[in-house]
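Chains, contacts and geometry: an overview
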Amino acid sequence: MEKLSNPQKTIEVIQKYEFAFQKKFGQNFLIDGHVLNKIIAAADITKEDFVLEIGPGIGTMTQYLSEAAGKVLAVEIDKMLIPILQDTLAGYGNVEILNEDILKVDIAALVEEKNGGKPIKVVANLPYYITTPIIMGLLEQHVPVKSITVMVQKEVAQRMQAQPGSKDYGALSLAVQYYCDPYIAANVPPNCFIPRPKVGSAVIRLTTHEEPPVKTAHEKLMFRIIRASFNQRRKTLANGLSNAPELDFTKEEIAAAIAALGVPAGVRGETLTLGQFARLADILGGV
């Protein structure tokens, strides 16, 4: 069967099923074989791998994943796409399709059921509006994942690998880097999709750390501190933390903790490293 990465084939399938793109699902289908090969290569998929694909669309990338992986579980929210997937993936025996909203699925339970709890690889061309909740959900729930290779908005990929002091650096950078090593594998222009998105995209691979690069006895507190310090970027770290409703420390306690960290009183959150945030959490948490 001819691959769906041929744009003519994609248009044929869309017309055959009279499929209507839904804005609410952020649907942009990939139509570039080179990009698909880059994604498979970046994800380093082998026949040993169980792959979770989020948002398979009409099955374009699923076909490539099926040929490279041992087993593929494709989770698609749009029920209109299920009959199309059953058709386009009919010849691919190692693919299972699940019609669910990935944000409501207990992914850890799914991995336990489908792969005996062994680590999986996640590959996806993600709708931009749910990129962060999906990635953070996978990481924060400690789902057994070897790597997450995803197509995201280019600026989101840049934020994930941003370093302290840069304009892209923020809570997402710190969260991703606490759990993973991010690597941008390819930049992808809008003409590689139907319909064309308005912004450039990038393929980013997040390889999960066996152990976080920094140690803290207060992981949840550290993330609350991180969020509070970036919620009001123009404020100093001391003011950001003092004004945060989710933190329960006095101005004096915060000032003392910042002093104990050995940074100036007027420091801004965006200049702190992940290690400094971990240390700050331990100081405030009373370790």
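Our subject in this report is the structure included herewith. (Residues numbered from 1 in each chain as written. Predicted model: local features only at pLDDT ≥ 70, side-chain atom pairs only at ≥ 80, totals over all residues. Heavy atoms only, no water.)

Some thoughts on unusual backbone geometry
Note the cut-off: For the purposes of this entry, the term helix denotes a DSSP run of H or I that reaches at least four residues, the term strand denotes a run of E that reaches at least two, and both are numbered from the N terminus.
Here the amide bond leading from Ile194 into Pro195 is cis, since omega sits at -20 degrees, within 30 degrees of zero. Within the secondary structure, Pro195 sits in the loop between strand E8 (193–194) and strand E9 (201–208). Located in the positive-phi region is Glu18, a residue other than glycine, with phi close to 50 degrees. Mapping Glu18 onto the fold places it in the loop between helix H1 (7–16) and strand E1 (29–30). You will see that His142, though not glycine, has its phi angle at about 50 degrees, which is positive. Checked against the element boundaries, His142 lands in the loop between helix H6 (131–140) and strand E6 (145–153).

Observations regarding the nonpolar core
To be explicit about the condition: The term nonpolar core refers to a set of buried residues drawn from Ala, Val, Leu, Ile, Met, Phe, Trp, Tyr and Cys, joined through side-chain atoms within 4.5 Å. The cut-offs for exposure are 20% and 50% of the maximum accessible area for each residue type, with area from a 1.4 Å probe on protein chains only; residues under the lower value are buried, those over the upper are exposed, and the others partly exposed. Whether two residues are in contact is decided by their heavy atoms, any of which lying within 4.5 Å being enough.
With 66 residues, the main nonpolar core has Leu52, Met222, Ile225, Phe277 and Leu280 as its most contacted residues. At seven residues, the largest contribution of residues to this core is made by helix H9 (residues 219–231). Excluding residues within four positions of it along the chain, Leu52 makes contact with Leu73, Val75, Ile102, Ile107, Ile120, Lys121, Val122 and Val123. Residues Ile40, Ala69, Leu85 and Leu89 belong to the second largest nonpolar core, which totals 26 residues.

Thoughts on helix H8 (residues 171–179)
Burial within H8 is extensive, with eight of its nine residues counted as buried. Turning to H8, its buried residues number three or more, namely Leu172, Ser173, Leu174, Ala175, Val176, Gln177, Tyr178 and Tyr179. Turning to H8, the residues buried within the fold contact H6, helix H7 (154–160), strand E7 (180–188), E9, H9 and helix H12 (274–284).

Some details on the environment of Lys3
As for its placement among the helices and strands, Lys3 is situated in the segment before H1. Through-space distance from the C-alpha of Lys3 to that of Ile14 is 14 Å; in sequence the pair is 11 residues apart. Once residues within four sequence positions are removed from consideration, Lys3 is found in contact with Lys9, Gln63, Tyr64, Glu67 and Tyr92.

Considering the environment of Ala43
Assignment of secondary structure puts Ala43 in helix H2 (residues 33–43). A sequence separation of 163 residues divides Ala43 from Leu206, and the C-alpha atoms of the two residues are 9.1 Å apart. Non-local contacts of Ala43, meaning those with residues more than four positions away in its chain, are made with Lys121, Val123, Ser147 and Thr149.

Points about the pattern of salt bridges
Filter applied, for reference: Basic side-chain nitrogens of Lys or Arg form a salt bridge, by our definition, when they fall within 4 Å of a carboxyl oxygen of Asp or Glu.
By the definition in use, this model includes 11 salt bridges. Across the pair Lys121 and Asp49 runs a salt bridge whose closest N-O atoms are separated by 3.0 Å. Residue Lys121 is found in strand E5 (residues 120–125), and its partner Asp49 is found in the loop between H2 and strand E2 (50–54); the two are separated by 72 residues along the sequence. Residue Lys104 is joined to Asp101 by a salt bridge in which the shortest nitrogen-to-oxygen separation is 3.9 Å. Judged by its relative accessible area of 70%, Lys104 falls in the exposed class. Beyond isolated ion pairs, a larger network of salt bridges with shared partners links Lys71, Glu96, Glu113 and Lys114.

What about the packing of helix H11 (residues 251–261) against H12?
We apply this condition: Note on method: axes are straight lines fitted to C-alpha atoms, helices fitted across the in-contact stretch only, with angles between N-to-C directions ranging 0 to 180 degrees. Under this scheme an angle from 65 to 115 degrees is roughly perpendicular, one under 35 degrees roughly parallel, and one over 145 degrees roughly antiparallel; angles in between are oblique. Here a crossing is taken to be left-handed if its near helix is turned anticlockwise relative to the far helix by less than a right angle, and right-handed if that turn runs clockwise. Residues were grouped as follows: Ala, Val, Leu, Ile, Met, Phe, Trp, Tyr, Cys and Pro as nonpolar; Asp, Glu, Lys and Arg as charged; and all remaining residues, including Gly, as polar.
The geometry of H11 relative to H12 is characterised by a closest axis approach of 10 Å and an angle of 130 degrees between their N-to-C directions. Classified by the angle their axes make, H11 and H12 are oblique. The interaxial crossing formed by H11 with H12 has right-handed handedness. Contact with H11, carried on its side by Glu253, Ile254, Ala257, Ile258, Ala260 and Leu261, involves Gln276, Arg279, Leu280, Ile283 and Leu284 of H12 and no other residues of that element. Looking at side-chain class alone, the contact of H11 with H12 contains eight nonpolar, one polar and two charged residues.

Concerning the pairing of E6
On a regular strand, each side chain points to the face opposite its neighbour's, so the side chains alternate between the two faces of the sheet. Here is the rule: Only strands that DSSP links by at least two bridges are regarded as paired with each other. Whether a crossover is right-handed depends on one test, that the path from the first strand over the helix to the second runs clockwise when the strands point away from the viewer.
When you tally the buried positions in E6, you get eight out of nine residues, the bulk of the element. In this structure, E5 lies alongside E6, joined through six bridges in parallel fashion. Looking at the pairing, Asn125 lines up with Met151 of E6. In this fold, the crossover linking E5 to E6 by way of H6 has right-handed handedness. Relative to E9, E6 runs antiparallel, the two sharing seven bridges. Across the sheet, the residue bridging to Ser147 is Thr207, located in E9.

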